[in-house]
Amino acid sequence: MKQTISFTLNGNSVTVESHPMQPLLYALREDADAPGTKYGCGEGECGACTVILNDELVMSCLVPVVQAEGARVETIEGLANADELHAVQQAFLESGGAQCGICTPGMIMAGVHHLRHPERAPGGVPEALEGNLCRCTGYTRIFTAMKRAKEILSAGGTGS
Amino acid sequence: MRSFGYAEAENAQGLAAALGKGYRIKAGGIDLLDMMKERIDKSERIVSITGMTELRGIKERDGGVAIGALTTLNEIARDETLRKAFPALPDTVCNAATPQVREVATIAGNILQRPRCWFFRQAEYNCLRKSGQACYAVAGDNTYHSIYPMGACHITHPSNIAPALVAVGAQIIASDGKNPKSYDIRDFFLTPEQDLKRENKLPQNEFITEIFLPKMPEKSAYVEVKEKQSFDWPLAACVATYADKKWSIILAHVAPVPLRATLAENVVGEKADIDENLALQAAEAAVKTAQPMAYNGFRVHLAKAVVRRALLKACGKDFHA
Ligand SMILES: Cc1cc2nc3c(=O)[nH]c(=O)nc-3n(C[C@H](O)[C@H](O)[C@H](O)COP(=O)(O)OP(=O)(O)OC[C@H]3O[C@@H](n4cnc5c(N)ncnc54)[C@H](O)[C@@H]3O)c2cc1C
Ligand code: FES
Ligand code: FES
């Protein structure tokens with residue numbers, strides 16, 4: 001049975017009609033018109049679907065949409081500010097941190113979360129991003145991008 | 001899509017009533033949703049307990065520590081009390097799975113997660129654990145299966161945190177909505193010989209409220225070996241703790257239950273300080289009863305290595321590989 005579920009998506013309130021156990025990922029892509037978050041495996045094995053839910057990094061393929069009721073959801077669509085990219089996006093662009101791009105939205109959300117909460121990953125960027133697989137880049141350029149993102153931020157770039 | 005009923009429990013009474021109607025609990029949902037997507041778990045009614053915030057948190061109590069059933073793996077990994085008093089416990093989970101999983105997965109869900117056997121996890125294989133006729137690991141690829149035979153099915157127990165709880169003799173506190181129940185974790189898990197279809201004793205009408213650790217050990221260490229740094233269950237792991245002149249040596253990911261290495265415990269006896277030689281003897285004793293299958297003989301060596309390293313690490317000594 002469908003249910004009405006409301007949450008804020010990147011600061012805007014949205015309401016979807018959905019079965020409560022429907023993965024948040026599908027609700028975002030199909031009902032909330034936010035297809036930036038990607039489907040990789042659907043089983044918690046890749047991190048492509050990573051979003052920020054109430055300040056926690058989660059895999060939206062394994063979070064039932066009902067868990068987002070009243071919550072704050074942040075996705076790749078909400079990062080850029082008018083026509084200025086978020087520091088992590090800008091850094092991925094400059095450093096070649098994306099190739100095919102399927103992992104990129106999830107990877108960037110994990111990167112953004114890490115810059116907000118560096119204390120949660122004492123091992124630094126590799127540890128913070130260990131839940132996100134990338135089959136293309138070999139990770140080196142992603143690590144370079146994260147370094148660059150910190151530079152952009154300390155130079156006063158957009159990002160929070 | 002299959003449709004099913006969904007409810008949210010707000011308190012113990014509500015949850016007990018839902019369980020009475022055959023509802024199945026969803027905590028973090030990491031294992032349950034995976035099992036449902038694979039069409040292995042065919043539950044028709046789901047009750048979420050994430051709203052029962054009284055089940056979340058870590059408290060010192062009666063000389064021990066109580067961990068609420070809904071406490072997440074990340075909360076355990078970052079807890080300062082546990083980090084000081086029982087470092088092996090946060091160590092079992094701080095590298096388990098991935099940051100995203102640890103943020104959501106709960107301690108109760110972790111010890112109750114179903115086995116990762118790749119035959120069991122695919123609906124196409126109607127294996128013994130799913131009421132079929134055969135354990136496909138016997139003739140198939142058994143790289144990740146048990147190296148200690150305990151019946152006709154050869155799963156390994158998948159929980160990272162369970163061996164640490166077994167080491168200190170934790171109590172599992174459960175409830176049926178009316179009365180509290182207590183299970184000694186040391187005989188909570190069931191071998192395939194005891195029951196082919198269930199991995200533990202918790203009845204369908206009860207739910208876990210907390211895990212109580214009666215006493216913190218004087219020494220503790222956790223050592224694991226895995227193929228990948230993340231996304232992966234260990235190939236073998238060991239928790240060693242020392243309290244009241246006794247060692248507990250618990251092997252994980254090598255048998256259908258977290259395995260107490262009694263033969264190894266006998267070798268080290270009361271000795272608080274263990275040297276390289278004694279650690280090696282204990283490790284050899286721990287794998288004496290191992291009987292690997294066609295493809296997993298290498299994990300006997302890994303089991304031996306983790307026992308030796310855990311004992312030395314618990315005694316503050318370096319170990320070389
Ligand atoms: C990519 C990946 C890698 C992983 N790697 C590891 C690893 O290295 N080590 C490891 O240990 N785990 C690993 N896991 C498994 C993960 O840790 C478990 O799936 C998770 O801990 C389950 O907890 P949950 O709260 O999500 O449980 P749920 O999925 O909500 O529940 C699991 C089971 O427990 C029952 N249940 C939950 N809470 C209660 C309660 N309070 N009372 C009664 N019944 C209850 C449910 O009914 C269900 O049967 C991994 C998972 C993934 C996806
Ligand atoms: S799609 Fe969610 S983890 Fe792969
Ligand atoms: S860019 Fe292709 S998977 Fe990461």
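Residues numbered from 1 in each chain as written. Chains lettered and ligands numbered in written order. Predicted model: local features only at pLDDT ≥ 70, side-chain atom pairs only at ≥ 80, totals over all residues.

**Topic: the confidence of the model for chain B**
Here comes step 1: In this model, chain B carries a mean pLDDT of 96, and residues with pLDDT of at least 70 account for 99%.
Here comes step 2: Our summary of model confidence lists the complex with pTM equal to 0.93 and ipTM equal to 0.83. (pLDDT = per-residue confidence, 0-100.)

**Concerning the interface of chain A and chain B**
Here comes step 1: With 20 residues of chain A at the interface, the matching set in chain B holds 19 residues.
Here comes step 2: The element that contributes the greatest number of residues to the side of chain A that touches chain B is strand S4 (residues 56–59) of chain A, accounting for 4 residues.
Here comes step 3: Class assignment of the residues belonging to the side of chain A that touches chain B gives a composition of 9 nonpolar, 7 polar and 4 charged. (Contact = placed C-beta atoms within 7 Å. Helix = DSSP H or I, 4+ residues; strand = E, 2+ residues; numbered from the N terminus. Nonpolar A, V, L, I, M, F, W, Y, C, P; charged D, E, K, R; others polar.)

**Comments concerning the sheet that holds strand S11 (residues 246–252) of chain B**
Residue and element names in this part refer to chain B.
Here comes step 1: On the basis of which strands lie adjacent, the open sheet formed by 4 strands has the order S9-S10-S11-S12 and antiparallel pairing. With one partner strand each, in any of the chains shown, strand S9 (219–225) and strand S12 (259–260) form the two edges of the open sheet.
Here comes step 2: Alignment of strand S10 (residues 236–243) against S11, held across 7 bridges, turns out to be antiparallel. When the bridges of S11 are listed, Val239 appears paired with Ile250.
Here comes step 3: Along the sheet, helix H11 (residues 298–314) makes contact with S9, S10 and S11, crossing S9 at roughly 150 degrees. (Pairing = 2+ DSSP bridges. Axes fitted to C-alpha atoms, helices over the stretch in contact; angles between N-to-C directions.)

**Regarding the site of ligand 1**
Here comes step 1: The local shell around ligand 1 holds 31 residues, among which Gly44(A), Gly28(B), Ala97(B), Ala105(B) and Gly109(B) are the closest.
Here comes step 2: Those residues lying near ligand 1 are distributed over chains A and B.
Here comes step 3: Elements supplying a minimum of two residues to the shell around ligand 1: strand S2 (24–26), helix H2 (30–37), helix H7 (107–112) and strand S8 (207–213) of chain B.
Here comes step 4: Broken down by element, the residue count for the shell around ligand 1 peaks at 4 residues, all from H7(B). (Near = placed C-beta within 6 Å.)

**Focus on the nonpolar core**
Here comes step 1: Among the nonpolar cores identified, the biggest contains 146 residues, and Cys238(B), Leu251(B), Ala282(B), Ala286(B), Ala303(B), Val307(B) and Ala310(B) are the most heavily contacted of them.
Here comes step 2: When residues in this core are grouped by element, the largest group, 8 residues, is from H11(B).
Here comes step 3: Taken domain by domain, this core gets at least three of its residues from each of domain 1 (3–78) and domain 2 (87–154) of chain A.
Here comes step 4: If near-sequence neighbours (up to four positions away) are discounted, Ala286(B) is found in contact with Ile249(B), Leu251(B), Ala261(B), Leu263(B), Ala264(B), Ala303(B), Lys304(B) and Val307(B). (Core = buried A, V, L, I, M, F, W, Y, C linked by C-beta atoms within 7 Å. Buried ≥ 20, exposed ≤ 12 C-beta atoms within 10 Å, placed from the backbone. Domains from an automatic or database assignment.)

**Looking at the sheet that holds strand S3 (residues 45–48) of chain B**
All names here are of chain B.
Here comes step 1: A sheet is described by the order of its strands in space; here 3 strands give the open sequence S1-S3-S2, paired in parallel fashion. What marks the edges here is a single partner per strand, and that holds for strand S1 (5–8) and S2. In this sheet, adjacent strand axes meet at a mean angle of 30 degrees when their direction is disregarded.
Here comes step 2: Of the pairings in the sheet, the one linking S1 to S3 comprises 4 bridges and is parallel in character. From the neighbouring strand, Tyr6 faces S3, where its bridge partner is Ile46.

**A closer look at the packing of helix H2 (residues 87–95) of chain A against helix H5 (residues 140–154) of chain A**
All names here are of chain A.
Here comes step 1: Where H2 meets H5, the closest approach of the two axes is 8 Å, and the angle between their N-to-C directions is 130 degrees. Relative to H5, the element H2 lies oblique. H2 and H5 meet at a crossing whose hand is right-handed. Counting all contacts with H2, which are made through Ala87, Val88, Gln90, Ala91, Phe92, Glu94 and Ser95, the residues of H5 involved are Arg141, Thr144, Ala145, Arg148, Ala149, Ile152 and Leu153. (Parallel < 35°, antiparallel > 145°, perpendicular 65-115°, else oblique. Left-handed = near helix turned anticlockwise from the far one by under 90°.)

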